[in-house]
Amino acid sequence: MYPISRSSARLSLRELTIEDVDAVLAIYGSPEATEHLSFEPRTREQVEQIVARSVAAATDLPRTEFAFAVVERKTDQLIGFARLALDPHQQRGATIGFALRPQVWGVGYGVETVRLLLSVGFDDLNLHRIWGARSPHNEASAKTMTSVGMVEEGTIREHVSKAGKWRDSVVHAILDREWTSEPHQGVL
């Protein structure tokens, strides 16, 4: 499946391009944007490698990784990075993750982004279960996942090593039958 695009009222997901390196660096290179992510801020070279891998993976057959630019429709600016990856340990399952520029936090873009990812997973890929993990301290992410119908399932203890310390991860998931009961608000 290539290319994939998806739109909501204010956002669109599109395939990443090599030209997106600077915009992705503004997110992945930011200490604020990566505070609750599983990694330290990335260097330009690391972001170039991430984007190049994502662009190459988009045409793999079978495709198992879907990395998207999150674009604000009104300004046509890349404001986020979103990812859905098939889970090799789970039949018809995938993980999701996303990061947005701090300048756009607090206006519901996280909810729209996750709904768009879930739409790709359930509507295009016919998945059964999609899950994501968050830092226990990331209350905004908890609210985002809960508001789209994801259920908090539990904690993976000392799952991530960051800044020399182990950190837990809190898992949220949604099943296909729960998604079909969602109103799909905001997804065009």
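Look a little higher up for the structure.
Residues numbered from 1 in each chain as written. Predicted model: local features only at pLDDT ≥ 70, side-chain atom pairs only at ≥ 80, totals over all residues. Heavy atoms only, no water.

Visitor: Which residues make up the overall build of the protein, and what values go with them?
Guide: Scanning the protein from N- to C-terminus turns up five helices and eight strands. Ordering the α and β elements of the protein from the N terminus gives β-β-α-α-β-β-β-α-β-α-β-β-α. By residue count, 48% of the 188 residues in the protein fall in the buried class. A separation threshold of at least 6 residues defines the contact pool for the protein, and within that pool the share at least 24 residues apart is 61%. When the accessible surface of the protein is totalled, it reaches about 9,800 Å², and 50% of it is carbon and sulfur. (Helix = DSSP H or I, 4+ residues; strand = E, 2+ residues; numbered from the N terminus. Buried < 20%, exposed > 50% of the residue type's maximum accessible area, 1.4 Å probe, protein only. Contact = heavy atoms within 4.5 Å. Areas by Shrake-Rupley, 256 points an atom, 1.4 Å probe, with all protein chains shown as cover.)

Visitor: Go over the environment of serine 161 with me, naming the residues and quoting the values.
Guide: Within the secondary structure layout, serine 161 lies in strand β7 (residues 151-162). Once the C-alpha coordinates of serine 161 and isoleucine 50 are considered, the two residues, 111 residues apart in sequence, prove to be 20 Å apart. Those residues in contact with serine 161, other than ones at most four positions away along the chain, are Ser38 and Trp166.

Visitor: Account for helix α4 (residues 139-147), naming residues and giving values.
Guide: For α4, the set of buried residues is Ser141, Ala142, Thr144 and Met145. End-on, the buried residues of α4 take up no more than an arc of 165°, which puts them together on one face. Structural note: α4 exposes Ala140, Lys143 and Thr146 on the side pointing more than 90 degrees away from its buried face. Once α4 finishes, glycine 149 follows within two positions and takes phi at roughly 100°, a positive value. (Arc of directions from axis to C-beta.)

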